[in-house]
Amino acid sequence: MTDDLRAELQDAIDKRRTFAIISHPDAGKTTLTEKVLLYGGAIHEAGSVKSRRSQRHATSDWMAMEQQRGISITSTVLQFEYQDHCVNLLDTPGHQDFGEDTYRTLTAADNAVMLEDGAKGLEPQTRKLFEVCRMRALPIFTFINKMDRPSRDPLELLDEIEQELELATYPVTWPIGSGDRFKGVFDRRKKQIHLFERSAHGTKAAKDTIIDLGDPRVEDLLETELYYQLKDELEILDELGTEFDLDLIHAGQLTPVFFGSAMTNFGVQVFLDSFLDYSLKPSPRQSTRDEIDPTYPDFSGFVFKLQANMDPKHRDRVAFVRVCSGKFEKDMTVRHARTGKTVRLSRPQKLFAQGRESLDEAYPGDVIGLNNPGVFAIGDTIYNGKKLEYEGIPCFSPELFAYLRNVNPSKFKQFRKGVAELREEGAVQIMYSVDEAKRDPILAAVGQLQFEVVQFRMETEYGVETRLEALPFSVARWVTGGWEALEKAGRLFNTATVKDSWERPVLLFRNEWNVAQVQTDHPELELSKTAPVVSGKEPAEIK
């Protein structure tokens, strides 16, 4: 590697920050995403999630169903420049039915922002996604939202994180009041008070008055009670709180905590500025050739998401690729690790939700969009130089199963295409009966909303009306030894055998008791809750 390329890569890596936001539904994740984009200068006016007709929709919620229901149901990538940094924000679905999509997206992130509702604290989906972050040892930044509404005591919220997640906390900002009396935040880094004025519906950046804690104007600008309460609480934090340690933050053992209100924009910019200083830049990734440093001269990356019909006019399919090492350049030729084929990467795209623009180059930490005419699968590695594969991305055990029937036989081609493309992007798992007479696909989902999304998209994107026929199963297990192991086991009771999209045997059970019964009767039969990865190194944490 030339000195010039080494310096170019290092400079680009130092400037990049890639993160995902995780939360329970309704904690305000999409709103926070919009406000980060607003303060980052990526948009001029923030949208509304549950939009009034006079307001624009949230940038990250580009799909028609997301706009209708005011929820995030697919991951999006939003890249923007802020304070000489290139920020890649990976917006994830908050709804628990799309946890697998969130898991895939977290594999591409270097940092995670955990969003909490100030009144509710930790909630089930937040805990679940936190465990995924912990498995990946991601640095976690906590933003406690909705402080403009009645909220729990801030010290109590910190204690909950420390006790339940076993994660040390360091408040970088501290709230001044809450609910109707929420006036702003204190920045412990700079010893400054930020007092905000609300803007109309929070669509514009809030007017921020910044003053030092010892400034005599403080007592005029703040209610006396709030001023002395702030001083008392800061003394408690200084005396009893955890000390700041950047190494512990990067190891995922200490979370910097920020308070604010995404809806009214209070505390968002302080959070964003601090995040750039404290967050982890692109770091080495585990592969079949040990750790690959981002400064490794040869290009490499992996596919963590596929999306069909981002541009309805062109019926496109886009592969989301996280750049892991080297420099990506337009029209470069790479190796496809799973197939061994050579692929020319023409028409690469910079992603900003549904919007895209062509790009000529990208660096580690960036996420690029590549046209995908059926070449890529989730988890695929592309590379130059010596062969390597990054950790694969597994499918997890679904809990709901139903045949998807095509109501109009004349739409057979559209039906088949829609099923194939939605399966490819991982919107839902697709299985098939081993009985050749039963050709309808079986949808296998974690939650009911996945079924609704598939039917909605089949109708709006492919023009096919469908109906569901529920199956009486709630548990799926993959047969570790494949068809040969299944044949050796002989006849199985209280289970149905199907095959997944990769022709691997899957057993469906009515309940966990039936699973235990089969394993007792056939101890030699190994069953797995997760599907073997299609390509890439088997992730250590799910073996």
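Right above here is the structure, for reference.
None of these values were measured; they are calculated from a predicted model.

Definitions and limits used
- Residues numbered from 1 in each chain as written.
- Predicted model: local features only at pLDDT ≥ 70, side-chain atom pairs only at ≥ 80, totals over all residues.
- Heavy atoms only, no water.
- Pairing = 2+ DSSP bridges.
- Helix = DSSP H or I, 4+ residues; strand = E, 2+ residues; numbered from the N terminus.
- Axes fitted to C-alpha atoms, helices over the stretch in contact; angles between N-to-C directions.
- Contact = heavy atoms within 4.5 Å.
- Buried < 20%, exposed > 50% of the residue type's maximum accessible area, 1.4 Å probe, protein only.
- Expected span 1.5 Å × (residues − 1).
- Arc of directions from axis to C-beta.

Caption draft 1: Expanded view of the sheet that holds strand 10 (residues 207-212). Strands sit in the order 7-8-9-10 across an open sheet of 4 strands; the sheet is antiparallel. This sheet does not close on itself; its edge strands, each paired only once, are strand 7 (173-176) and strand 10. Strand-to-strand twist across the sheet, computed as the mean angle between neighbouring axes with direction ignored, equals 25°. The sheet contact formed by strand 8 (residues 184-187) and strand 9 (residues 192-197) spans 4 bridges and is antiparallel. Its bridge partner lying in strand 9, D187 is registered against Q192. Strands in contact with helix 8 (residues 224-240) are strand 7, strand 8 and strand 9; relative to strand 7, the strand with the most contacts, it is inclined by about 155°.

Caption draft 2: Layout of the pairing of strand 25 (residues 429-433). In terms of burial, strand 25 is largely enclosed, as 4 of its 5 residues are buried. Alignment of strand 25 against strand 26 (residues 442-445), held across 3 bridges, turns out to be antiparallel. Across the sheet, residue I430 finds its bridge partner in strand 26, namely L443. Of the strand pairs in this sheet, strand 25 and strand 29 (residues 496-500) are connected by 3 bridges, and their pairing is antiparallel. Directly across from Y432, in strand 29, lies its bridge partner K499.

Caption draft 3: Structural detail: helix 8. Look at helix 8: 24 Å from first C-alpha to last across 17 residues, which is about the 24 Å you get at 1.5 Å a residue. Among the residues of helix 8, L226, Y227, L230, E233, L234 and L237 are the ones counted as buried. Projected down its long axis, helix 8 carries its buried residues within an arc of 135°, all on one side. The exposed residues of helix 8 that point more than 90 degrees off its buried face are E225, E239 and L240.

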